[in-house]
Amino acid sequence: MSSYKIASIPGDGIGPEVTNAAVEVVEKLAKTLGTFQINFTHIPWGTEYYKKNGQYVSDNALDELRQFDAAIFGAVGAPDVPDHISLWGLLLAIRGPLQLYANVRPVRTFPGTRCPLNTATKGIDWMLVRENSEGEYAGQGGRSHIGQEWEVATEVAIFTRVAITRIIRFAFETAQSRPKKHLTVVSKSNSMRNGMVLWDEIATSVSKEFPDVAWDKMLVDAMTVRMVWQPESIDTIVGTNLHMDILSDLAAALAGSIGIAPSSNLDPTRKNPSVFEPVHGSAFDITGKGVANPVGAFWSAAEMLTWIGEKDASDKLMSCIENVCAAGKVTRDLGGQCDTKEVVEAVCAEIEKLK
Ligand code: ATP
Ligand code: MG
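The rules behind these values
- Residues numbered from 1 in each chain as written.
- Chains lettered and ligands numbered in written order.
- Predicted model: local features only at pLDDT ≥ 70, side-chain atom pairs only at ≥ 80, totals over all residues.
- Helix = DSSP H or I, 4+ residues; strand = E, 2+ residues; numbered from the N terminus.
- Rg over C-alpha atoms; globule rule 2.2 N^0.38 Å.
- Buried ≥ 20, exposed ≤ 12 C-beta atoms within 10 Å, placed from the backbone.
- Contact = placed C-beta atoms within 7 Å.
- Pairing = 2+ DSSP bridges.
- Domains from an automatic or database assignment.
- Nonpolar A, V, L, I, M, F, W, Y, C, P; charged D, E, K, R; others polar.
- Right-handed = clockwise from strand over helix to strand, strands pointing away.
- Axes fitted to C-alpha atoms, helices over the stretch in contact; angles between N-to-C directions.
- Near = placed C-beta within 6 Å.
- Parallel < 35°, antiparallel > 145°, perpendicular 65-115°, else oblique.
- Left-handed = near helix turned anticlockwise from the far one by under 90°.
- pLDDT = per-residue confidence, 0-100.
- Core = buried A, V, L, I, M, F, W, Y, C linked by C-beta atoms within 7 Å.

Regarding the overall build of the chain
Move 1: When helices and strands are counted, the chain shows twelve helices and twelve strands.
Move 2: Taking 2.2 N^0.38 as the reference for a compact globule, 355 residues should give roughly 20 Å; the C-alpha atoms of the chain span a radius of gyration of 20 Å, in line with that estimate.
Move 3: Based on the C-alpha atoms only, the size of the chain along its principal axes is roughly 60 × 50 × 40 Å.
Move 4: When the 355 residues of the chain are sorted by exposure, 47% land in the buried category.
Move 5: Of all intrachain contacts in the chain linking residues separated by at least 6 positions in sequence, the fraction that spans at least 24 positions is 75%.

Okay, here's the thing in C-alpha cells:
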C-alpha cells in the first residue's frame, strides 16, 4: 500500500480552521478506503511564528519541506503585519525557491451553489493556469526619495523566455487533457510592449506543438468582460502572475464563492513537493467564529491526492463534497446555515457511505 508524508502548514486567520478540517477529512478518507496511508506533519509557520522568531519560516525551511511528498497550506496574513511582509515571508519564500512555477486553479459551479451570472449556462467549468515564478511579482524595483514629494517607486516585471515557454506549454498540455481542448492566452500586449509581446510570440510558437488544441489570445481587460458575458466560450486560461491573480478571484466569485476555490502550486518536474491551498486568504473578519467554508481546503486536498497518485480517492472525495453541497449543507457564504464543523461532519458522513 502506498504511504505518503504530507506537510500541513495552516498559517494565519481561518487558515488553521480550514486546514485542520481538510486533514480530518483526508485522514477519514484514507482510513475508510484502506487503499493508501497518509501521515500529516504539522508545521507552525505563520505570523505567530514570525512574532516569536523574527521570520515566517524556519532557517532550513526548504530542506524541511523537501522531506515531504506534498504540502497543504492554509493562509498567511494578519491585520498587524503589512501584507507584503507576510506574503513574502511565507508563501513567496517557498514558491520561488521550490520552483512551483505552475499555479493551477480549477473553477467549477457546484450543485447547490449560486452562480451570480445571469446566463443560460449550466454553470462554469474552467481551468485557470497562472505563471507563478516571475512577472509582475518578481519583487524587483525600489524606492527613492522616500517620503518626499518627488518620491519614485519602480516595480519591474520580469519575463523570461524560459519561464514563459514552460508555463504556456504546461497550459496547452492542460487544455489538451480536457474535453473541450481549448486555451485562451491572456496578456496585455497593446500597452505593455516588451514582456507581453514576448508572451504572445511564445504562445504562437508553442501552439504549433498542439495542433489539436484550439486557442485564442485575449487582452486581460477584455477577458473580464468575456468571463461575465460569454462564460461558455471559455475552457482553459493561461496568464501572468498578476493577471491570473485577479482573474482567478473573479472566476471564483462567479462560480459561487471564493470559499470553495482550490489552487495547486505545482513543480511539474516533480523535483520538489507541490503545495496545495485554498484561493481565499486569512479572512480575519470571520476568524475564530467557526463559520469559514472548508470546501476550498477540501478541494485543494483532493487536488493534492490526484497529484500524488491517488486519483480514485480524489474523485471519491470530490463526489462526497458535491453531495454535501447539493444537500444544502453549506456555510453562509454559499447561502447556507452550517458552520465549519457541521460541513466537516457532513462530508465525513458521506465518506462513511463509501465503505
Ligand atoms: P488576503 O489578503 O490573503 O486575500 P483576506 O483577508 O483579504 O485575505 P480573502 O480571502 O481575500 O480574505 O476573502 C475576502 C472575504 O471573503 C473575507 O473577508 C471573508 O469575508 C470572505 N471569505 C474568504 N474566504 C472565506 C471562506 N473560506 N469562508 C467564508 N468566507 C470567506
Ligand atoms: Mg483579499
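Structure's up, so let's keep going.
Observations regarding the pairing of strand 4 (residues 102-108)
Move 1: Here strand 4 lies mainly inside the structure; five of its seven residues are buried.
Move 2: With seven bridges connecting them, strand 4 and strand 5 (residues 125-131) associate as antiparallel partners. Across the sheet, the residue bridging to Asn103 is Arg130, located in strand 5.
Move 3: Bridge analysis of strand 4 against strand 11 (residues 262-266) gives three bridges, and the strand direction is antiparallel. Bridge pairing in strand 11 places Val104 opposite Ser264.

A closer look at the domain arrangement of the chain
Where interface size is quoted, it is often the accessible area lost as the parts come together.
Move 1: Each assigned domain of the chain is listed here: domain 1 (1-100 + 268-355) and domain 2 (115-255).
Move 2: Here the C-alpha centroids of domain 1 and domain 2 sit 25 Å apart.
Move 3: On the side of domain 2, six residues touch domain 1, which itself brings seven residues to the contact.
Move 4: Considering only residue class, the side of domain 1 that touches domain 2 consists of four nonpolar, two polar and one charged.

Topic: the pairing of strand 2 (residues 36-42)
Move 1: By the bridge criterion, seven bridges tie strand 1 (residues 2-11) to strand 2 in an arrangement that is parallel. Note on strand 2: the bridge partner recorded for Lys5 is Asn39.
Move 2: You can see the chain leave strand 1, run along helix 1 (residues 15-33) and come back into strand 2, and the turn it takes is right-handed.

Overview of the sheet that holds strand 8 (residues 182-187)
Move 1: Taken in spatial order, the ten strands make up an open sheet running 2-1-3-12-11-4-5-10-8-9, and their pairing is mixed. Because the sheet does not close on itself, it has two edges, and the strands there are strand 2 and strand 9 (214-219). Shown here is a sheet whose adjacent strand axes are inclined to one another by a mean of 20°, direction ignored.

Description of the site of ligand 1
Move 1: Residues in close proximity to ligand 1 total 19 residues, the closest being Gly259, His280, Gly281, Ala283 and Asn293.
Move 2: The class makeup of the residues in the shell around ligand 1 is eight nonpolar, eight polar and three charged.

Some remarks on unusual backbone geometry
Move 1: Phi at His145 is positive, roughly 55°, even though this residue is not glycine.
Move 2: Looking at where His145 falls in the secondary structure, it is placed in the loop between strand 6 (135-144) and strand 7 (152-158).
Move 3: The exposure class assigned to His145 is exposed, which follows from the 10 C-beta atoms found within 10 Å.
Move 4: Its identity is not glycine, yet Ala283 carries a phi of approximately 45°, on the positive side.
Move 5: Checked against the element boundaries, Ala283 lands in the loop between strand 12 (274-278) and helix 10 (295-308).

A few points about the environment of Asp80
Move 1: Mapped onto the elements, Asp80 comes out in the loop between strand 3 (70-75) and helix 4 (83-89).
Move 2: Considering only alpha carbons, one finds Asp80 and Thr47, 33 residues apart in sequence, at a separation of 9.3 Å.

Focus on the environment of Ala255
Move 1: Here Ala255 shows up in the loop between helix 9 (241-254) and strand 11.
Move 2: Accessibility expressed as a C-beta count within 10 Å gives 25 for Ala255, which makes it buried.
Move 3: Counting along the chain gives 148 residues from Ala255 to Val107, while the straight-line C-alpha distance between them is 6.6 Å.
Move 4: Apart from the residues within four sequence positions on either side, Ala255 is in contact with Val107, Arg108, Thr109, Cys115, Ile124 and Ile260.

Quick look at the packing of helix 1 against helix 12 (residues 340-352)
Move 1: Across the interface, helix 1 lies against helix 12 with an axial gap of 10 Å and an inter-helix angle of 15°. If you check the angle between helix 1 and helix 12, you find them roughly parallel. Here the hand of the crossing between helix 1 and helix 12 comes out right-handed. Each of Glu17, Ala21, Glu24, Val25, Lys28, Leu29 and Thr32 in helix 1 lies in contact with helix 12, whose residues at this interface are Thr340, Val344, Val347, Cys348, Ile351 and Glu352.
Move 2: The residue inventory of the contact of helix 1 with helix 12, partitioned by class, reads seven nonpolar, two polar and four charged.

A look at the confidence of the model for the chain
Detailed conclusions should not be drawn from predicted coordinates in areas where pLDDT is low.
Move 1: Of all residues in the chain, 99% have pLDDT values of 70 or greater, and the mean over the chain is 94.
Move 2: For this predicted complex, the interface confidence reaches an ipTM of 0.94, while the overall pTM sits at 0.92.

Remarks on the nonpolar core
Across soluble globular proteins, nonpolar side chains have a tendency to be buried as a group.
Move 1: In this structure, Ala71, Ile168, Phe298, Ala301 and Val347 are the most contacted members of the largest nonpolar core, which totals 101 residues.
Move 2: Top element by residues in this core is helix 10. It accounts for nine residues.
Move 3: With near-sequence residues (within four places) excluded, Phe298 lies in contact with Ala22, Val25, Leu317, Ile321 and Val347.

As for the packing of helix 6 (residues 161-176) against helix 7 (residues 195-207)
Move 1: Direction vectors running N to C along helix 6 and helix 7 enclose 45°, while the axes themselves pass 9 Å from each other. The pairing of helix 6 with helix 7 is recorded here as oblique in orientation. As helix 6 packs across helix 7, the resulting crossing turns out to be right-handed. Packed against helix 6, whose contacting residues are Arg161, Ile164, Thr165, Ile168, Arg169 and Phe172, the element helix 7 presents Leu198, Trp199, Ile202, Ala203, Val206 and Ser207 at the interface.
Move 2: Classifying every residue of the contact of helix 6 with helix 7 gives eight nonpolar, two polar and two charged.

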